[in-house]
Structure formats: C-alpha cells, structure tokens
Amino acid sequence: MLNQERKNRILQIIEEKGAVSVSQLTKMLGASESTIRRDLIELSKKGNINKVHGGATLTNRQFIALEADVSAKETENISQKKKIARYCAAQLQDDDFVYIDAGTTTLFMIDYIDPACTASFVTNGIMHAKRMADRGLNVYVLGGKLKKTTQAVVGLIAARSIHNFNFTKAFVGTNGVSDTGGFTTPDTEEAFVKAAAMENAFVSYVLADSSKFGKISSVRFAALDTACIITDSEPEEIYKNKTVVKVLD
C-alpha cells in the first residue's frame, strides 16, 4: 500500500470509528507500528486528526449537519451499541420510573430488559414503545410532532409534557460528544425533548459509542457534566476530567 493511500485509509477508519488504536490500525492495514505512529503524527500536524496516547481520534472540528434516518443508523456500529445497551438495561430496578430516548442504541437496550421488570417507562420513540409493549413492559408515549426520519416524537409539546414527570433514570442518545460543544444533535425540536428529560431525571446516562466523540452538531442539549457517558472505547482524558465516563470492556 502506497504512503498516501495508507494515510487516506487511516483517515477513513478514524472517521468511521471516531477513535482507533495503533494496534488496531496495524492489523487492519498490515503495516508496522512505527509506520502507523509516523503516519498519525503527520496527520495530526496537518490537523486531520487528534493524536492521543496509543492511537488517534477525530478532531473537534468535525461538524454534523445532517442526520441519517433510523434504518441507516441501525446498521452502524451494531456490536458497540449492543454492548452499551446491555449494560444500561442492567442498571434498571423494579421501582424505577425511566425515560428512554428515541435512537438505535436505546432501541437495542429494550431487548435486554427483563420482561418481568415492573419499572415504568416513558419514551418518545414510536418503535421503542411498540417493542416495550410487545415485551409486556409498562410504557407511556409522549405526544407531539412525529419526526419521520427517526420515528421520534419531538418539539415543544413533547418537551413540556416531560416536565410533569420526575424520572429516576434517563437514557439519552446523542449525535455528537465534544469537550467544547457538549452533547449535540442536528434537530432543535429533538434537542428540546432530550434537554427536558435530562433536567427532570435524578440520574442521566448518555449512550455514545466511540464514533460519536469529537463530533459536534448544530444544537447543544446538555453540558458534559450533566450525565454519565456510557461508551465502548477509551476516550480522550479530557472527557474523564469533565464528567463520569463508563468504558465497557
């Protein structure tokens, strides 16, 4: 593989995964660790990536302008999302009153909830509500505007109704996690709902696979220190300095 071809492939991998280690790149590209480290240093100097200990991450300048529909998201980072989902489902207790946000990782979470669980759930996800009802769980659905691409109920009506609830736990998805931008999403109406759920929860969890780190979208719905981040890969140290980060093995 030519030098520039290898660097382009490294950029592609980091864009897909959000973060990657030197050892992962050596296996994927069939290059030596010294070669990969040299490539990462050069890419970092150009501002293409962030060089971190043992690997690299996306730069904070990566901006998300558009959001993929739910069918496309369901096929991305499936194993990472399921790992996060399984852990979050294990945090539930029978006396909980829980908010579950629309999103693909939270949708996977429902599959791991014990059907005998007596907790009550509130969601703005149409698919989430149906899946919970099919599993015999006690679920309430927010009213408001239905967003076609994500099958989520969004907007001020939904956000205002959330203020009638006091959740023990909220499980929220995000499009981007940035040390400067916080938790972000491309949709203002969806941001209203996420922010309201976190404001009315005793504990908030943000479910973010490693591809979400270093990305910023147009609307910030919460600061990093307002939630515990559940993720599948070790993020930069700066995130751990700002909030609780649970990295799953």
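Now for a description of the structure that goes with this document. Position labels on residues start from 1 in each chain and follow its written sequence. The predicted origin of the model limits local features to residues at a pLDDT of at least 70 and limits the giving and counting of side-chain atom pairs to 80 or more, whereas totals for whole chains, interfaces and linings rest on all residues. Where side-chain values are given, they derive from all heavy atoms of the structure, hydrogens and water being excluded.

Right, let's get into a nonpolar patch on the surface. Exposure above 30% relative accessible area and no salt bridge define the residues that can form patches, which grow by joining like charges within 9 Å and nonpolar side chains of Val, Leu, Ile, Met, Phe, Trp and Tyr within 5 Å. For every accessible area listed, the method is Shrake-Rupley and the probe measures 1.4 Å; residues are considered covered only by the protein chains on display. Any carboxyl oxygen of Asp or Glu that lies within 4 Å of a side-chain nitrogen of Lys or Arg is treated as forming a salt bridge with it. A contiguous nonpolar patch, built from Ile-126, Val-141 and Leu-146 and spanning about 240 Å² of accessible area, is present on the exposed surface. Since its relative accessible area comes to 44%, Val-141 is described here as partly exposed. A 1.4 Å probe rolled over the protein chains alone gives each residue an accessible area, and that area as a share of the maximum for its type sets the label: buried under 20%, exposed over 50%, partly exposed in between.

Now for the sheet that holds strand E12 (residues 182-185). Strands were regarded as paired on the criterion that DSSP finds at least two bridges between them. Secondary structure follows DSSP: runs of H or I at least 4 residues long count as helices, runs of E at least 2 residues long count as strands, and numbering of each begins at the N terminus. Ordered in space as E11-E12-E15, the three strands form an open sheet in which the pairing is antiparallel. This sheet does not close on itself; its edge strands, each paired only once, are strand E11 (176-178) and strand E15 (219-222). Strand-to-strand, the axes of this sheet are offset by a mean angle of 40°, without reference to chain direction. Pairing geometry for E11 and E12, over three bridges, is antiparallel. For Ser-178, the partnering residue across the bridge sits in E12 and is Gly-182. Relative to the sheet, helix H9 (residues 188-199) contacts E12 and E15, its axis offset from that of E15 by approximately 10°. For helices, the fitted axis covers only the stretch in contact; all axes are lines through C-alpha atoms, and the angles between them, taken along N-to-C directions, range from 0 to 180 degrees. Any two residues whose heavy atoms approach within 4.5 Å at even a single point are treated as in contact.

Once that is clear, we can look at the environment of Ile-36. As for its position among the elements, Ile-36 is in helix H3 (residues 33-45). The class for Ile-36 is buried, based on a relative accessible area of 0%. In this structure, the C-alpha to C-alpha distance between Ile-36 and Glu-76, residues 40 residues apart in sequence, is 25 Å. Apart from residues lying up to four places away in sequence, Ile-36 is in contact with Arg-6, Ile-10, Val-22, Leu-25, Thr-26, Leu-29 and Ala-31.

On to the packing of aromatic side chains, then. Any two rings among Phe, Tyr and Trp, with Trp reduced to its six-membered ring, count as a pair given centres within 6.5 Å; such a pair is stacked if its planes are under 30 degrees apart, edge-to-face if over 60, and tilted if neither. According to the stated counting rule, one finds seven aromatic pairs in the structure shown. Aromatic pair Phe-213 and Tyr-239: ring centres 5.0 Å apart, planes at 80°, arrangement edge-to-face. Of this pair, Phe-213 sits in the loop between strand E13 (201-207) and strand E14 (215-217) while Tyr-239 sits in helix H10 (residues 237-242), placing them 26 residues apart in sequence. Judged by its relative accessible area of 7%, Phe-213 is buried. The buried category is assigned to Tyr-239, whose relative accessible area is 1%.

Most peptide bonds take the trans configuration, and most residues that are not glycine carry a negative phi. With a phi angle near 55°, Gln-151 is a residue other than glycine that sits in the positive phi range. Note that Gln-151 resides in the loop between strand E8 (145-147) and strand E9 (152-154).

To continue, consider the packing of helix H5 (residues 78-89) against helix H6 (residues 104-111). Look at H5 against H6: their axes get within 8 Å of each other, and the N-to-C directions meet at 55°. Of the possible angle classes, the one that applies to H5 and H6 is oblique. As H5 packs across H6, the resulting crossing turns out to be right-handed. In this structure, H5 uses Ile-78, Lys-81, Lys-82, Ile-84, Ala-85, Cys-88 and Ala-89 to contact H6, whose residues at the interface are Thr-104, Thr-105, Phe-108 and Met-109. Oblique is the label for any angle not under 35 degrees, not over 145, and not in the 65 to 115 range, which are roughly parallel, roughly antiparallel and roughly perpendicular in turn. Helix crossings are classified by the rotation of the near helix relative to the far one: an anticlockwise turn of less than a right angle makes the crossing left-handed, while a clockwise turn makes it right-handed.

Following the sequence through the fold, Thr-123 ends up in strand E6 (residues 120-123). Overall, the relative accessible area of 0% leaves Thr-123 in the buried class. Polar side-chain contacts of Thr-123 include one of 2.7 Å to the backbone oxygen of Ile-100. Polar contact is defined as a pair of N or O atoms within 3.5 Å, subject to the rule that within protein one atom must be able to donate a hydrogen and the other to accept it, and that residues adjacent in sequence are counted only when both atoms are side-chain atoms. A polar side-chain atom of Thr-123 sits 3.0 Å from the main-chain amide nitrogen of Gly-125. Sequence-distant contacts of Thr-123, that is, excluding residues within four places in its chain, are made with Tyr-99, Ile-100, His-128, Ala-129, Met-132, Val-139, Tyr-140, Val-141 and Leu-142.

Turning next to the state of the cysteines. In this description, a disulfide is simply a cysteine sulfur pair whose atoms lie within 2.5 Å. A complete count under the given rule lists zero disulfides for this structure. You can see Cys-88 has no disulfide; the closest cysteine sulfur is in Cys-228, sitting 8.4 Å from it. Since its relative accessible area comes to 0%, Cys-88 is described here as buried. Between Cys-117, a free cysteine, and Cys-88, which holds the nearest cysteine sulfur, the sulfur-to-sulfur gap is 14 Å. The class of Cys-117 is buried, set by a relative accessible area of 12%.

Within the largest apolar cluster, 30 residues are counted, with the highest numbers of intra-cluster contacts made by Tyr-99, Leu-142, Ile-162, Val-177, Phe-183, Phe-221 and Ile-229. Among the elements of the structure, helix H8 (156-162), strand E10 (167-173), H9, E13 and E15 are those that each provide at least two residues to this core. Ranked by residues supplied to this core, first place goes to H9 with six residues. Setting aside anything within four residues of it in sequence, one finds Ile-162 in contact with Tyr-99, Leu-142, Phe-167, Val-193, Ala-196, Ala-197 and Asn-200. Buried Ala, Val, Leu, Ile, Met, Phe, Trp, Tyr and Cys residues that are joined via side-chain atoms within 4.5 Å together make up what is termed a nonpolar core. Counting 25 residues, the second-largest nonpolar core is a separate cluster that includes Leu-107, Ile-110, Phe-121 and Ala-129.

Just geometry here; none of it tells us what the structure is for.
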